[in-house]
Amino acid sequence: MKIEAQRLSISLLYGLGAIFVLLAVSSLVISLILRFSDLTEQSLHTVVTMISFFSLFIGGLIGGGKGKKKGWLLGSMTGMIYTGIVFLVQYLGYDELFTLKQMVYHICYILAAAMGGILGVNLFSGRSREA
């Protein structure tokens, strides 16, 4: 039981690490684009949203692949922990709660991470497929 919990924890850390690395790199690229072009933040809103969904999906995929089972749980927990971190930064740093729009986004982020976790288990579980 202890080994199982340890494996799940490590899977969650890999998934969260992947999310934050992807978001940091994409933030750097977007900030450089904004700095050296005449684009505005509003014109890149859709791109930023798609990058967020992609990052959460990949984080769930990596977490599920690393955990080898319970992909829906690993992906969902990865998304929930990410949402909790964002909420804490927003609440403690800016003294603001989530708006209804942000709640909908974060619920969808959790679902994207869960789908990634399910796919990760199926892609990387290492089980042989019998025809």
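Everything below is about the structure shown above.
In this text, all values refer to a predicted model and were calculated from it rather than measured experimentally. Residue numbers run consecutively from 1 along every chain, following the written order of its sequence. Totals for whole chains, interfaces and linings use every residue, but because this is a predicted model, local features are given only for residues with pLDDT of at least 70 and side-chain atom pairs only at 80 or more, for both listing and counting. Heavy atoms throughout the structure, all of them, feed into the side-chain values; hydrogens and water do not.

Attention now goes to the environment of Lys68. Under the DSSP-based scheme used, a helix requires at least four consecutive residues in state H or I and a strand at least two consecutive residues in state E, with every element numbered from the N terminus. Residue position: Lys68 is located in the loop between helix H2 (45-67) and helix H3 (71-94). The buried label applies to any residue whose accessible area, calculated with a 1.4 Å probe on protein chains only, is under 20% of its type's maximum; exposed applies above 50%, and partly exposed to all values in between. Judged by its relative accessible area of 36%, Lys68 is partly exposed. For the pair Lys68 and Leu8, spaced 60 residues apart in the sequence, the C-alpha separation amounts to 9.2 Å. Distance and chemistry together define a polar contact, namely a pair of N or O atoms within 3.5 Å, with one atom able to donate a hydrogen and the other to accept it when in protein, and with adjacent residues in sequence counting only for side-chain atoms on both sides. Within the local environment of Lys68, its side chain forms a polar contact with the backbone oxygen of Phe124, the two atoms lying 3.1 Å apart.

A few words on unusual backbone geometry. Positive phi outside glycine occurs at Lys70, with the angle close to 55 degrees. Following the sequence through the fold, Lys70 ends up in the loop between H2 and H3. A positive phi is found at Asp95, a non-glycine position, where the angle reads about 55 degrees. Here Asp95 shows up in the loop between H3 and helix H4 (100-124).

Mapping Ser11 onto the fold places it in helix H1 (residues 2-36). Between two residues, a contact is recorded if the distance between any of their heavy atoms is within 4.5 Å. Once you skip the residues sitting within four places of it in the chain, Ser11 turns out to touch Gly63, Lys66, Gly67 and Leu74.

Each α-helix turn comprises 3.6 residues. Residues three or four places apart therefore point the same way. To estimate the expected span of a helix, subtract one from its residue number and multiply by 1.5 Å. Helix length check: H1 (35 residues) gives 51 Å between terminal C-alpha atoms against 51 Å at 1.5 Å per residue, within 8%. If you check which residues of H1 are buried, you get Glu4, Leu8, Ser11, Leu12, Gly15, Leu16, Ala18, Ile19, Leu23, Ser26 and Ile30. Residues of H1 that are buried make contact with H2 and H3.

Moving on, we get to the pattern of salt bridges. For this analysis, a salt bridge means a side-chain nitrogen from Lys or Arg found within 4 Å of a carboxyl oxygen belonging to Asp or Glu. Under the criterion given, the structure shown has 2 salt bridges. A salt bridge links Arg7 to Glu4, with the shortest nitrogen-to-oxygen separation between them at 2.7 Å. Of this pair, Arg7 and Glu4 both sit in helix H1, 3 residues apart, roughly one helical turn. Of the charged contacts in the structure, one is a salt bridge between Lys69 and Glu4, with a shortest N-O distance of 3.6 Å. Of this pair, Lys69 sits in the loop between H2 and H3 while Glu4 sits in helix H1, placing them 65 residues apart in sequence. The exposure class of Lys69 is partly exposed, given its relative accessible area of 36%. Taken together, the salt bridges that share partners define one network made up of Glu4, Arg7 and Lys69.

What is shown is where atoms sit, not what they do.
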